[in-house]
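Now for the letters of each chain:
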Amino acid sequence: MPKLSKEAKQRLQQLFKGGQFAIRWGFIPVVLYLGFKRGADPGMPEPTILSVLESSSPITACSKTTELEEEAKEKQRRFGQSSYESVCQRE
């Protein structure tokens, strides 16, 4: 392996640091750009920046979880027991 001068090593380090920075901060924007460029699948609404931000919000995720929990509790109230419990009791 050829010997590198101190100056060449510093240039390579700067190059690698620049590449690492570009990958870390550029990956998600590139993915979003390609998704918007391609457009929506047939039958789906066109993506917007607002819809992307809204779907990734932790508040949205929590509200969906609580909605599912409430739906499960309502089903439990209606039927008296969960479907898992009823299956286990049959066996």
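Structure's up top.
The text that follows walks through the structure, step by step, so that each part is easy to find. (Residues numbered from 1 in each chain as written. Predicted model: local features only at pLDDT ≥ 70, side-chain atom pairs only at ≥ 80, totals over all residues. Heavy atoms only, no water.)

**Examining the overall build of the chain**
When helices and strands are counted, the chain shows four helices and zero strands. Going from N to C terminus, the chain has its helices and strands arranged as α-α-α-α. Taken over 91 residues, the chain has a buried fraction of 3%. Roughly 8900 Å² of accessible area belongs to the chain as shown, and the carbon and sulfur atoms make up 62% of that amount. (Helix = DSSP H or I, 4+ residues; strand = E, 2+ residues; numbered from the N terminus. Buried < 20%, exposed > 50% of the residue type's maximum accessible area, 1.4 Å probe, protein only. Areas by Shrake-Rupley, 256 points an atom, 1.4 Å probe, with all protein chains shown as cover.)

**Let's talk about the pattern of salt bridges**
A full pass over the atoms with the stated rule returns two salt bridges. Note that Glu7 and Arg11 form a salt bridge whose closest N and O atoms lie 2.8 Å from each other. Of this pair, Glu7 and Arg11 both sit in helix 1 (residues 6–38), four residues apart, roughly one helical turn. Of the charged contacts, one joins Asp41 and Arg38 as a salt bridge, the two residues approaching to 3.2 Å between their closest N and O atoms. We classify Asp41 as partly exposed; its relative accessible area is 40%. Of the residues examined, Arg38 reaches a relative accessible area of 67% and is grouped as exposed. (Salt bridge = Lys/Arg side-chain N within 4 Å of Asp/Glu carboxyl O.)

**Examining the packing of aromatic side chains**
Pairs of aromatic rings are described using the distance from one ring centre to the other and the angle between the two planes. Scanning the entire structure with this criterion turns up one aromatic pair. Ring centres of Phe21 and Trp25 lie 6.5 Å apart, and the angle between their planes is 40°; on these two criteria the pair is classed as tilted. Of this pair, Phe21 and Trp25 both sit in helix 1, four residues apart, which is roughly one turn of the helix. Owing to a relative accessible area of 64%, Trp25 belongs among the exposed residues under this scheme. (Phe/Tyr/Trp six-rings, centres within 6.5 Å; stacked < 30°, edge-to-face > 60°.)

**Considering the environment of Gly39**
Inspection of the secondary structure puts Gly39 in the loop between helix 1 and helix 2 (49–55). Apart from residues no more than four positions distant in its own chain, Gly39 is found in contact with Glu46 and Pro47. (Contact = heavy atoms within 4.5 Å.)

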